[in-house]
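Coordinate analysis (summary)
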Amino acid sequence: MKTLIGIVTFGGLEFTRLAVNSIRETVTNNYDIFVVVGKPGDSATLNFVQREDILHNIHLINRGFPASINDIYDYAWKYNNYDNLVIMGN
């Protein structure tokens, strides 16, 4: 079984970093992390997810929280076949 853990961000890199580190330190099952960088121009978060080799999607305009959640659903079940999906805030 494979789980996708989706995180929507809108800035707040330090909280995103803490969330990712917490997942990596505590989750033992087979999982991927998928981050939606929802704040246009948030290069700090984008650089972090790229450096950490985290799956991600970038919004070039503010599309809002629901669009970010839809991106996570699509990645999990429209484009992939994950067994479980966990959505968390940063």
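One structure accompanies this document, and this report is about it. (Residues numbered from 1 in each chain as written. Predicted model: local features only at pLDDT ≥ 70, side-chain atom pairs only at ≥ 80, totals over all residues. Heavy atoms only, no water.)

**Regarding helix α2 (residues 43-51)**
Quick reminder: α-helices carry 3.6 residues per turn. Residues three or four places apart thus point the same way. Listed in full, the buried residues belonging to α2 are Thr45, Leu46, Phe48 and Val49. For α2, the angular spread of the buried residues around the axis is 160°, confining them to a single face. Packing partners of the buried residues in α2 comprise β1 (3-9), α1 (13-26), β2 (31-37) and β3 (55-58). Asp53 occupies a position one or two residues after α2 and carries a positive phi of about 55°. (Buried < 20%, exposed > 50% of the residue type's maximum accessible area, 1.4 Å probe, protein only. Helix = DSSP H or I, 4+ residues; strand = E, 2+ residues; numbered from the N terminus. Arc of directions from axis to C-beta. Contact = heavy atoms within 4.5 Å.)

**Let's talk about the side chain of Ser68**
With respect to the element layout, Ser68 can be found in helix α3 (residues 65-78). What makes Ser68 buried here is its relative accessible area of 2%. Sequence-distant contacts of Ser68, that is, excluding residues within four places in its chain, are made with Val8, Val36 and His59.

**Topic: the nonpolar core**
Ile7, Val20, Ile33, Val35, Phe48, Val49 and Ile54 are the most contacted members of the largest nonpolar core, which has 13 residues in total. Those elements that place two or more of their residues in this core are β1, α1, β2 and α2. It is α1 that provides the largest number of residues to this core, a total of four residues. Apart from the residues within four sequence positions on either side, Val49 is in contact with Val35, Ile54 and His56. (Core = buried A, V, L, I, M, F, W, Y, C linked by side-chain atoms within 4.5 Å.)

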